[in-house]
Amino acid sequence: MGVDAEQVVGIDLGTTFSAIAYVDAQGQVRTISNREGELTTPSAVLIEPDRTVRVGREALLAKPERPDRVATHFKRDMGEKFYREPLGGKEFSPEALSALVLKKLARDAKHKIGPLGGAVVTVPAYFGDARRKATQDAGRIASLEVLDIINEPTAAALANAFRQYVRLGGDSASFELAAIATTAPSTTLVFDLGGGTFDCTIIRIEGERLDVLATGGEVRLGGVDWDVRLVEHYCEEFVRRHGVDLRDSPESLAQIQALCEMAKITLSTRSQTVIVSERYGKQLHLPINRRQFEELTSDLLTRTQISVETLLEDALLSWDRIDDILLVGGSSRMPVVAEMLGRISGKKPNMDQAPDEIVAHGAAIHAAILHMHTRPATATAGDGSWTLSTEEIGETQSVEPPPAPDLFAPEVVEATRNVKMTDVNSHGLGVVVRDPRENRVVNSLVIPKNTPLPTERVKVFGTEAANQRMVRLRILEGDTRDPRGCAQIGECIIRHLPKGLPKGAPVEVTFRYDTSGRIHVRAVELQHATSAEVDLKRDTGFEQVDLDRLKDAVSEIELE
Ligand code: AMP
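Remember, it's a predicted structure, so these values are computed and weren't measured experimentally.

## Let's talk about the sheet that holds strand β5 (residues 44–47)
Sheet strands associate in pairs through backbone hydrogen bonding, adopting either a parallel or an antiparallel arrangement.
For step 1, the next point in the chain: Taken together, the three strands give an open sheet; going across it, the order is β6-β5-β7, and neighbouring strands pair in antiparallel fashion. Strand pairing shows two members of the sheet lacking a second neighbour, β6 (53–55) and β7 (70–72), which therefore form its edges. Neighbour to neighbour, the strand axes of the sheet diverge by 15 degrees on average, direction disregarded.

## A word on the environment of Gly-478
For step 1, the next point in the chain: Note on placement: Gly-478 falls in the loop between β22 (471–477) and β23 (487–494).
For step 2, the next point in the chain: Linking Gly-478 and Gly-128, residues 350 residues apart in sequence, is a C-alpha distance of 8.8 Å.

## Structural notes on unusual backbone geometry
For step 1, the next point in the chain: The amide bond that connects Leu-453 to the next residue, Pro-454, takes the cis arrangement and shows omega of 0 degrees.
For step 2, the next point in the chain: For Pro-454, the location among the structural elements is in the loop between β20 (440–447) and β21 (455–462).
For step 3, the next point in the chain: The phi dihedral of Leu-316 is positive, around 55 degrees, even though this residue is not glycine.
For step 4, the next point in the chain: Looking at where Leu-316 falls in the secondary structure, it is placed in the loop between α9 (298–314) and β15 (324–328).
For step 5, the next point in the chain: Positive phi is not limited to glycine here, since Asn-467 has a value of about 60 degrees.
For step 6, the next point in the chain: Using a relative accessible area of 43% as the deciding quantity, one classes Asn-467 as partly exposed.

## Description of the pattern of salt bridges
For step 1, the next point in the chain: This model, assessed by the stated rule, comprises 30 salt bridges.
For step 2, the next point in the chain: Arg-481 is the partner of Glu-438 in a salt bridge, and the nearest nitrogen-oxygen pair spans 3.0 Å. Pair noted here: Glu-438 is in the loop between β19 (429–435) and β20 and Arg-481 is in the loop between β22 and β23, with a separation of 43 residues, a long-range link.
For step 3, the next point in the chain: Here Arg-481 falls in the partly exposed class, since its relative accessible area comes to 39%.

What counts as what
Residues numbered from 1 in each chain as written. Predicted model: local features only at pLDDT ≥ 70, side-chain atom pairs only at ≥ 80, totals over all residues. Heavy atoms only, no water. Pairing = 2+ DSSP bridges. Helix = DSSP H or I, 4+ residues; strand = E, 2+ residues; numbered from the N terminus. Axes fitted to C-alpha atoms, helices over the stretch in contact; angles between N-to-C directions. Buried < 20%, exposed > 50% of the residue type's maximum accessible area, 1.4 Å probe, protein only. Salt bridge = Lys/Arg side-chain N within 4 Å of Asp/Glu carboxyl O.

No statement about biological role is implied by the geometric values presented.
Following this line, the structure appears as structure tokens:
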């Protein structure tokens, strides 16, 4: 790799921890440690009164003392206007807070590997349009070129395939072969239980293709919910013994949350532990064992089990068709997770790769593949000299390599050429229509959930009344027939319809959904070809000026 090459990276922007990785010139995937020497960086932001910003471990450690100045778990609020609590009396958007985490990851990575040329950032498969765009915006605010947004389970499966291949003695420079780690096609269930979100996904790897068959999960279910159960348990006991509710003080609550998370993590490797805290001169020493903890949280685990079983039904698969169960996300380390999956599937789940780094690794592999696919074909000329055609310089001659050298050895580039990935949409997309039989508005699905992307679907509807002059399509994201169970993500309006159209005049609606989750809608009144089209913008999103303003503000912030 030459000194000026800009390195592409993969970033797992997690609810509780984030990680950044890259593929080196020889095809090895490496996690880049932060300035503190950690492979994962807590997704925590501390904003001091003098506007100094600290991101990572230091911010997380400050949370119990200064909960009003430290933001955590803001990924859960992505797509909302503001982070749920003001910091030092000021409101911050989840995008801006995420941008600060990205800025730290990028700064520390640059320090280690030199300038960055762009990043693939991962999101839970279950994220809808608004949350995906918010993640993309966070990248822009952090002045990072976001090459693509991919789903976390897809990234994990990609990293898993790559690792299996290398373990079987494959050459790590060969990504293409990595995608066919097993000679037979294989189907993997990725169970990803992180800090704040739960995703489960079924992915099939066949030849050079990596296809997502179905995806499910819950946006608001993760390790933090397990912590909350312990917090409630401890605080109730404190009230019972001392008549004081620790939850009334944000400082006490933050301290107990940190202690309970530690106790939970201890219970993954030990059968019992003790939670001890002292507040207001009163102490509580509360022993807890793994069985009690599992009882306190059993309904949460059942929710993950129901999601997995529904997913298999959606994919029309039974357990005997699943070859590998891949455990991803820090919370998969709770032994009860593997036990439950082992019990319902009859198979042993696979946790060979660090569950907290695997997603960033997959994102880095995808970034490398994208980089190589977009690289000009001439750049693969193997001997280091570049040949220009006769039209350009009058005669064929060899010249020195161009000033920006490439990132990867030619054999790595060659090996990735044919790798293909297809993903599916995690939510249905539809429009609000009136159903005459029920005489009520319903969500008429145009693109059902779990459709391979990119896709284009057409559906024809009729105007509701005679002489209708305008059609207003309300575009929904969600799978329920009742529009109240869906999110409205945009509108498409055809104006100035010709006079005198009969009731039921056909209107053709086309939805196009591309691989990075962008949605394009076109509606045409068929008799006179009057039409309208929109690229969907999310309703809560930023205008370009706001994005630029935030980008300037974030770029001026000096991270400590
Ligand atoms: P992730 O977002 O994937 O990094 O997952 C973070 C979540 O995993 C947090 O809720 C952590 O408390 C949880 N976690 C990390 N390590 C463990 C462990 N050994 N046992 C149980 N939970 C863990």
